[in-house]
Amino acid sequence: MKKALLLLMGAWALLTSAQQVTVTSSTTLLRGVEDAFYPCLNSAGDKLLYSDVDAHGLKMLNLTTQAVTIISDKNGAGFNAKWSSDGNVYYVTSAINPSDRLVYRTGMRYDMERKMSDVVLEAQHGAVHLETGTQGMAFNGTHRTFSTAPNRGLSVYTTGSEVVLNINGKESRYTPVESYAGYLWASVSPKGDKVAFFAAGKGIIVINLEGKVLAELGNYEMPCWYNNDYIVAQNASDDGYQFTSSQILLLKADGTFHHELTPKTSMTMQPSCGGGKIVYTTIDGKLTMITLDIKE
């Protein structure tokens, strides 16, 4: 038994040491002009959404021209904004209704050609979940919903402790692991064969399209697909009041490898991936974009 264990440990060491990760470029974005949080790269990696620390308003940085466009000045707009497959931007705003003092959320779409936003889901009280699909988008509200098309290809979102997967119009709900505090940050891999999400108390989980657990990657947050085999995530700790450390990690989606892209003391967080690039911010809102070379 001891010999078998040593052989297993040796095989693991060879597997992990065979992979080499190098940061090939590192660029500071916005050049200190303003603090930026909640970065979200488009799939091409040439445009970036961001907001302020309170997710008030939403802006877009063109990484080619460095031009900044104001998409919205509304509260909550920057918290979970997403790019659609057609290049438009979908986001949710929130406001307190003066008549009943309740929070109402509105689904918005920013049209890149017209350079303006439209209401696509009228304001309603309760949660509004943004569902990102390979061929369309949807807002799933407590009382009303909106979809760009009945068939959104492959799409996913989370509600409570459920992963809601929609494949060509057929919806399935899965609870692959127990998590009484719920799931967050679900996304489909680039090839559309698996889903990654965060389960509170468990960490990052990777499942197939039938809800079967493929890997548990560790108690990290905010997973985003770097490519079909690797995930970038945030590894943060706190003392119950404030962050004490935070770093960016590269994780292999099968759970066999992880690599520190930034040190724990860097207070780096909120990673986003697109077009072979990674953008993250710091606790004080300093954006950085990096590229990698991964040798296996």
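All figures in this text were calculated on a predicted structure; none of them were measured in a lab.

### Side note on the overall build of the protein
Scanning the protein for helices and strands turns up one helix and 26 strands. For the protein, the C-alpha radius of gyration of 20 Å lies close to 19 Å, the compact-globule estimate for 296 residues. Judged by the C-alpha coordinates and their principal axes, the protein covers about 70 × 45 × 40 Å. For the protein, the residues scored as buried account for 47% of the 296 residues in total. Contacts in the protein between residues far apart in sequence, at least 24 positions, make up 36% of those at least 6 positions apart. Total accessible area on the protein stands at roughly 14900 Å², and carbon and sulfur atoms take up 52% of it. Positive and negative charge centroids in the protein, built from 25 and 28 side chains respectively, lie 3 Å apart.

### Focus on the packing of aromatic side chains
Taken as a whole, this structure holds five aromatic pairs when the rule is applied. Arranged with centres 6.0 Å apart and planes meeting at 50 degrees, the rings of Tyr90 and Phe139 form a pair that is tilted. Of this pair, Tyr90 sits in strand 7 (residues 89–96) while Phe139 sits in strand 11 (residues 137–141), and the two are 49 residues apart along the sequence. Taking 4.6 Å as the distance between ring centres and 45 degrees as the angle between the ring planes, the aromatic pair formed by Tyr183 and Phe197 counts as tilted. Here the residue Tyr183 occupies a position in strand 16 (residues 183–188), and Phe197 occupies one in strand 17 (residues 195–199), the gap between them amounting to 14 residues. The same class applies to Tyr183 as to Phe197, namely buried. What links up through ring pairs into an aromatic cluster is the set Tyr90, Phe139 and Phe146.

### A short note on the side chain of Gln247
Relative to the assigned elements, Gln247 resides in strand 22 (residues 243–252). In this structure Gln247 comes out as buried when scored by relative accessible area, which is 1%. A distance of 2.9 Å separates polar atoms of two side chains, one belonging to Gln247 and the other to Asn235. A distance of 2.8 Å separates a polar atom in the side chain of Gln247 from the backbone oxygen of Thr262.

### A few points about the confidence of the model for the protein
Scored by pLDDT, the protein comes out at a mean of 93, with 94% of its residues at no less than 70. Across residues 1–17, confidence stays below pLDDT 50; counting only partners more than four residues off in sequence or on other chains, it has five contacts.

### Quick look at the pairing of strand 2 (residues 37–41)
Counting buried positions along strand 2 gives four out of five residues, so the element sits mostly inside the fold. As paired elements, strand 2 and strand 3 (residues 47–51) share three bridges and run antiparallel to each other. Looking at the pairing, Cys40 lines up with Leu49 of strand 3. As consecutive antiparallel partners, strand 2 and strand 3 are separated by five residues, and within that stretch Gly45 has a phi angle of approximately 75 degrees, a positive value.

### Some words on the side chain of Thr262
The topology assignment puts Thr262 in the loop between strand 23 (258–260) and strand 24 (268–274). At 3.4 Å, the side chain of Thr262 forms a polar contact with the side chain of Ser266.

### What to know about the sheet that holds strand 25 (residues 277–282)
Pairing between the strands of a sheet comes from backbone hydrogen bonds, and it takes one of two forms, parallel or antiparallel. One open sheet holds the four strands; their spatial order is 1-26-25-24, and the pairing between them is antiparallel. Of all the strands in the sheet, just strand 1 (20–28) and strand 24 have a single pairing partner and so form its edges. Within this sheet the neighbouring strands show an average axis-to-axis angle of 30 degrees, counted without direction.

### Comments concerning the sheet that holds strand 21 (residues 230–238)
Taken in spatial order, the four strands make up an open sheet running 20-21-22-23, and their pairing is antiparallel. At either margin of the open sheet sits one strand with a lone partner, and together these are strand 20 (221–225) and strand 23. Taking the axes of each pair of neighbouring strands and ignoring which way they run, one obtains an average angle of 25 degrees across the sheet. Relative to strand 21, strand 20 is paired through three bridges, and the arrangement is antiparallel. Paired with Cys224 across the strands is Val232, a residue of strand 21.

What counts, and where the lines are drawn
Residues numbered from 1 in each chain as written. Predicted model: local features only at pLDDT ≥ 70, side-chain atom pairs only at ≥ 80, totals over all residues. Heavy atoms only, no water. Helix = DSSP H or I, 4+ residues; strand = E, 2+ residues; numbered from the N terminus. Rg over C-alpha atoms; globule rule 2.2 N^0.38 Å. Buried < 20%, exposed > 50% of the residue type's maximum accessible area, 1.4 Å probe, protein only. Contact = heavy atoms within 4.5 Å. Areas by Shrake-Rupley, 256 points an atom, 1.4 Å probe, with all protein chains shown as cover. Lys, Arg positive; Asp, Glu negative; His and termini not counted. Charge placed at Lys NZ, Arg CZ, Asp CG, Glu CD. Phe/Tyr/Trp six-rings, centres within 6.5 Å; stacked < 30°, edge-to-face > 60°. Polar contact = N/O pair within 3.5 Å; in protein donor to acceptor, adjacent residues only side chain to side chain. pLDDT = per-residue confidence, 0-100. Pairing = 2+ DSSP bridges. Axes fitted to C-alpha atoms, helices over the stretch in contact; angles between N-to-C directions.

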